[in-house]
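Below are the chains, spelled out letter by letter.
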Amino acid sequence: MKKKILTFLVTLGVILLPLTANASLIDEYEHKNFKDTLAAESIELKNKDYKETDDQITIYMFRGQGCAYCRSFLEFLNSISNEYGKYFKLVSFEVWENEENNTLFNKVATATGEEAGGVPYIIIGETVYPGYISDWNDAIKTAIKTEYDKNASDRVDILEKAENYEAEVKKAENAPYVKTIWWTFGFVVVATAAIITVNAIQNKKVLKALEELKSNKETKKNK
């Protein structure tokens, strides 16, 4: 009996687990780093000593292959790579030809609250540039340096934010359902514990009665 009850409780816990755990929403998307993105647009890297390090901030860029404004932004980054290259690395996602990347683009835009109206869509920390014009150059350099100067724990990773945002939305949507299940689960646990306790007490009473009966019989027999 106890074994069946334990099996039921374990099974119920397994059913509940997927409803409360946050599954990863962003695993692998096709992307390019700074050097490869420049190469894809036939732009020669000016800073021959450029390299990526863990200390750099990540600039996220959603782009379209052959997009003129995307190319202009890349040329700007290339032009400041000697001075600012030590501060940033680039992760770019091509969205015109890659449907999965386009899906990611929309998820990220939802999380930032800035509509995904077109490319380039550039993100530095929590700052979003929905497009690119040269008038933003100084602001972009400031954003890069400001984000770099933050403690690593204070930096914002937009992909993580997008992942957590969708997970929180789903969690909120499932909250009433999960709450009901947990209440039911709690009731079952309490009820099961009560049944086990009552059975244990009854068993003790029965055993005690049998022992008394046996003792009385032996007493009578000895007389």
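As a starting point, this report considers the structure included with it. (Residues numbered from 1 in each chain as written. Predicted model: local features only at pLDDT ≥ 70, side-chain atom pairs only at ≥ 80, totals over all residues. Heavy atoms only, no water.)

### Describing the pattern of salt bridges
Thinking step 1. In the structure shown here, the tally under the stated rule is seven salt bridges.
Thinking step 2. A salt bridge links Glu44 to Lys48; its shortest N-O distance comes to 3.1 Å. Across the pair, Lys48 and Glu44 agree in class, each one exposed. (Salt bridge = Lys/Arg side-chain N within 4 Å of Asp/Glu carboxyl O. Buried < 20%, exposed > 50% of the residue type's maximum accessible area, 1.4 Å probe, protein only.)

### Quick word on the sheet that holds strand β3 (residues 121–124)
Thinking step 1. One open sheet accounts for four strands, arranged β2-β1-β3-β4; its pairing is mixed. Each edge of the sheet is formed by a strand with only one pairing partner; in this case those strands are β2 (88–94) and β4 (127–130). For this sheet the average axis-to-axis angle between neighbouring strands, irrespective of direction, equals 15°.
Thinking step 2. As paired elements, β3 and β4 share four bridges and run antiparallel to each other. Bridge assignment links Ile124 to a residue of β4, and that residue is Thr127.
Thinking step 3. Along the sheet face, helix α3 (residues 68–79) touches β1 (57–63), β2 and β3 and points at about 155° away from the line of β1. (Pairing = 2+ DSSP bridges. Helix = DSSP H or I, 4+ residues; strand = E, 2+ residues; numbered from the N terminus. Axes fitted to C-alpha atoms, helices over the stretch in contact; angles between N-to-C directions. Contact = heavy atoms within 4.5 Å.)

### A closer look at the pairing of β1
Thinking step 1. Counting buried positions along β1 yields six of seven residues, so the element is predominantly enclosed.
Thinking step 2. Examined bridge by bridge, β1 and β2 share seven bridges and lie parallel to one another. In the strand pairing of β2, Arg63 is matched with Glu94.
Thinking step 3. Examined bridge by bridge, β1 and β3 share four bridges and lie antiparallel to one another. Bridge pairing in β3 links Tyr60 to Ile123.

### Notes on the side chain of Lys89
Thinking step 1. Mapping Lys89 onto the fold places it in strand β2.
Thinking step 2. In this structure, Lys89 is buried with no salt-bridge partner, the nearest side chain bearing the opposite charge being Asp54 at 4.5 Å.
Thinking step 3. A distance of 3.1 Å separates a polar atom in the side chain of Lys89 from the backbone oxygen of Thr53.
Thinking step 4. Among all residues touching Lys89, those that are not within four sequence positions of it are Tyr50, Glu52, Thr53, Asp54, Gln56, Ile57, Thr58 and Ile59. (Lys, Arg positive; Asp, Glu negative; His and termini not counted. Polar contact = N/O pair within 3.5 Å; in protein donor to acceptor, adjacent residues only side chain to side chain.)

### Thoughts on unusual backbone geometry
Thinking step 1. The peptide bond linking Val119 to Pro120 adopts the cis configuration, its omega dihedral lying at 0°.
Thinking step 2. Unusually for a residue other than glycine, Ser42 sits at a positive phi of about 55°.
Thinking step 3. With respect to the element layout, Ser42 can be found in the loop between α2 (34–40) and β1.

### Some remarks on the packing of α3 against helix α6 (residues 137–148)
The description of two helices packed together rests on the angle between their axes and the distance between the axes.
Thinking step 1. It is at 12 Å that the axes of α3 and α6 come closest, and there the two elements cross at 60°. Considering the angle they form, α3 stands oblique to α6. Considering how the two elements wind past one another, α3 and α6 form a crossing that is right-handed. Here α3 contributes Phe73, Phe76 and Leu77 to the contact with α6, which in turn contributes Asn137, Ile140, Lys141 and Ile144.
Thinking step 2. Looking at the contact of α3 with α6 residue by residue, the classes come out as five nonpolar, one polar and one charged. (Parallel < 35°, antiparallel > 145°, perpendicular 65-115°, else oblique. Left-handed = near helix turned anticlockwise from the far one by under 90°. Nonpolar A, V, L, I, M, F, W, Y, C, P; charged D, E, K, R; others polar.)

### Thoughts on the packing of aromatic side chains
Thinking step 1. Going through the model one piece at a time under the given rule, you end up with 13 aromatic pairs.
Thinking step 2. On the basis of an interplanar angle of 70° and a centroid distance of 5.1 Å, the ring pair of Phe34 and Tyr50 is categorised as edge-to-face. Pair noted here: Phe34 is in helix α2 and Tyr50 is in the loop between α2 and β1, with a separation of 16 residues, a long-range link. Neither Phe34 nor Tyr50 differs from the other in exposure class; each is buried.
Thinking step 3. Between Tyr50 and Phe88, the ring centres sit 6.2 Å apart and the planes meet at 40°, which makes this aromatic pair tilted. Linking Tyr50 in the loop between α2 and β1 with Phe88 in strand β2, this pair joins segments that are 38 residues apart in sequence.
Thinking step 4. Taken together, the aromatic side chains of Tyr60, Phe62, Phe93, Phe105 and Tyr121 make up a single cluster linked through ring pairs. (Phe/Tyr/Trp six-rings, centres within 6.5 Å; stacked < 30°, edge-to-face > 60°.)

Read these as layout, nothing more, since geometry by itself doesn't imply function.
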